Amino acid sequence: MSRARAAGFTLIEVLLATVLLASGLALGFATVRAATATAERGEAIAARTERMRAVEGFLRRRLAGAQLIAFGQDEETGGALRFVGEPDRIRFVADLPSYLGRGGPHLHDIGVFDDQDGATLAVSFTMVLAGGLVEEDQPRPPEPLVEGLTGLRIRYRGLDEDGIGEWLDSWDSHESLPLQVSIEIESADGGAWPALVVVLPQAGITPQLGAGRSRMGPGARPGFRPGRGPGRSLGPPRTRTRAPAPERQ
């Protein structure tokens, strides 16, 4: 009887072994959960970063491709609308992205849209023809760029008599392009995004009267007209009249 007791385990030893096994399993499960959570956070951060890069790349390419093409007429001044900049909205004309399968100049309307999930930064496209908008029978819905938008600030800068001017909350020189556009975005999941500053290459092009597109004029300066500063409304364009040619005898 004593030999049988010596060869087995006591109840205390079995309980101690069970406790050690349970502790090891709990520690292993906790380690697996922590590793899984870390991997999921890393994937979420990577996806959010990739989304930021995609949105910033899209905005940079669209703004850099802005053209001096009229898409309407200013009711107050009678001048052409070529670029309208507000604190939370931008309207300009550029070629449509190739992935949409349609070419030609289109109005890019980038602004804040409210839906059931909150504010969303989105862009809509409308065809531009002969200085006006062509409404489609079945227009495309706005393309969402940033969902869960919590903050947006858009600023503009041009040239004045002293050189590069100050940042403005709105761009009222609708017949010209600003020199630079700054976009600051805040979202619920990503917080504050890195500030995006885009230079518009065609800002130094002077619109040619009577044409939808523009041509570089002598001594042209982006976002500047003699006697006027950036961000101010321009009056209606003046039309030059030529003297009649002398009749040949």
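Residues numbered from 1 in each chain as written. Predicted model: local features only at pLDDT ≥ 70, side-chain atom pairs only at ≥ 80, totals over all residues. Heavy atoms only, no water.

Caption draft 1: Here's a closer look at the overall build of the protein chain. The helix and strand inventory of the protein chain stands at 2 helices and 16 strands. Buried residues in the protein chain amount to 35% of all 249 residues. Restricting the contact set of the protein chain to residue pairs at least 6 apart, pairs at least 24 apart contribute 56%. Carbon and sulfur atoms make up 54% of the accessible area of the protein chain, which amounts to about 16,000 Å² in all. (Helix = DSSP H or I, 4+ residues; strand = E, 2+ residues; numbered from the N terminus. Buried < 20%, exposed > 50% of the residue type's maximum accessible area, 1.4 Å probe, protein only. Contact = heavy atoms within 4.5 Å. Areas by Shrake-Rupley, 256 points an atom, 1.4 Å probe, with all protein chains shown as cover.)

Caption draft 2: Region of the structure containing the nonpolar core. Ranked by internal contacts, the top residues of the largest apolar core, which has 35 residues, are Leu59, Phe83, Ile90 and Val181. Elements that contribute at least two residues to this core include exactly helix H2 (11-64), strand S4 (89-95), strand S6 (118-129), strand S8 (143-147), strand S9 (149-157), strand S12 (180-187) and strand S14 (196-199). Sorting elements by how many residues they give to this core places H2 first, with 5 residues. Setting aside anything within four residues of it in sequence, one finds Ile90 in contact with Leu63, Phe83, Val84, His108, Asp109, Ile110, Ile154, Tyr156, Val181 and Ile183. (Core = buried A, V, L, I, M, F, W, Y, C linked by side-chain atoms within 4.5 Å.)

Caption draft 3: Structural detail: unusual backbone geometry. Positioned with a positive phi, Ala130 is a non-glycine residue whose angle comes to about 55 degrees. Here Ala130 lies in the loop between S6 and strand S7 (132-134). A relative accessible area of 81% places Ala130 in the exposed class.

Caption draft 4: Structural context of the packing of aromatic side chains. Counted by the stated rule, this structure contains 2 aromatic pairs. Ring centres 6.1 Å apart and planes at 85 degrees place the aromatic pair Phe83 and Tyr156 in the edge-to-face group. Taken as a pair, Phe83 in strand S3 (residues 83-86) and Tyr156 in strand S9 lie far apart in primary sequence, 73 residues in all. In this structure, Phe83 and Tyr156 share a single accessibility class: buried. (Phe/Tyr/Trp six-rings, centres within 6.5 Å; stacked < 30°, edge-to-face > 60°.)

Caption draft 5: Examining the pattern of salt bridges more closely. Throughout the structure, instances matching the rule amount to 5 salt bridges. For Glu86, the salt bridge is made with Arg91, and the minimal N-O distance between the two is 3.3 Å. (Salt bridge = Lys/Arg side-chain N within 4 Å of Asp/Glu carboxyl O.)

Caption draft 6: Representation of H2 in the model. The first and last C-alpha atoms of H2 sit 79 Å apart over 54 residues, in line with the 80 Å expected at 1.5 Å per residue. For H2, the complete set of buried residues consists of Met52, Val55, Glu56, Gly57, Phe58, Leu59, Arg62 and Leu63. Looking at the buried positions of H2, the neighbouring elements they touch are S4, strand S5 (105-115), S6, S8, S12 and S14. (Expected span 1.5 Å × (residues − 1).)

Caption draft 7: Structural detail: the pairing of S3. When S3 meets S4, the two strands line up antiparallel, connected through 4 bridges. For Glu86, the partnering residue across the bridge sits in S4 and is Arg89. Linking S3 back to S4 in an antiparallel pair, the connection comprises 2 residues. (Pairing = 2+ DSSP bridges.)

Caption draft 8: Fine view of a nonpolar patch on the surface. Residues Leu21, Leu25 and Phe29 make up a contiguous nonpolar surface patch of about 330 Å² in total accessible area. Note on placement: Leu21 falls in helix H2. For Leu21, a relative accessible area of 56% translates into the label exposed. (Patch = residues over 30% accessible without salt bridge, like charges linked within 9 Å, V, L, I, M, F, W, Y side chains within 5 Å.)

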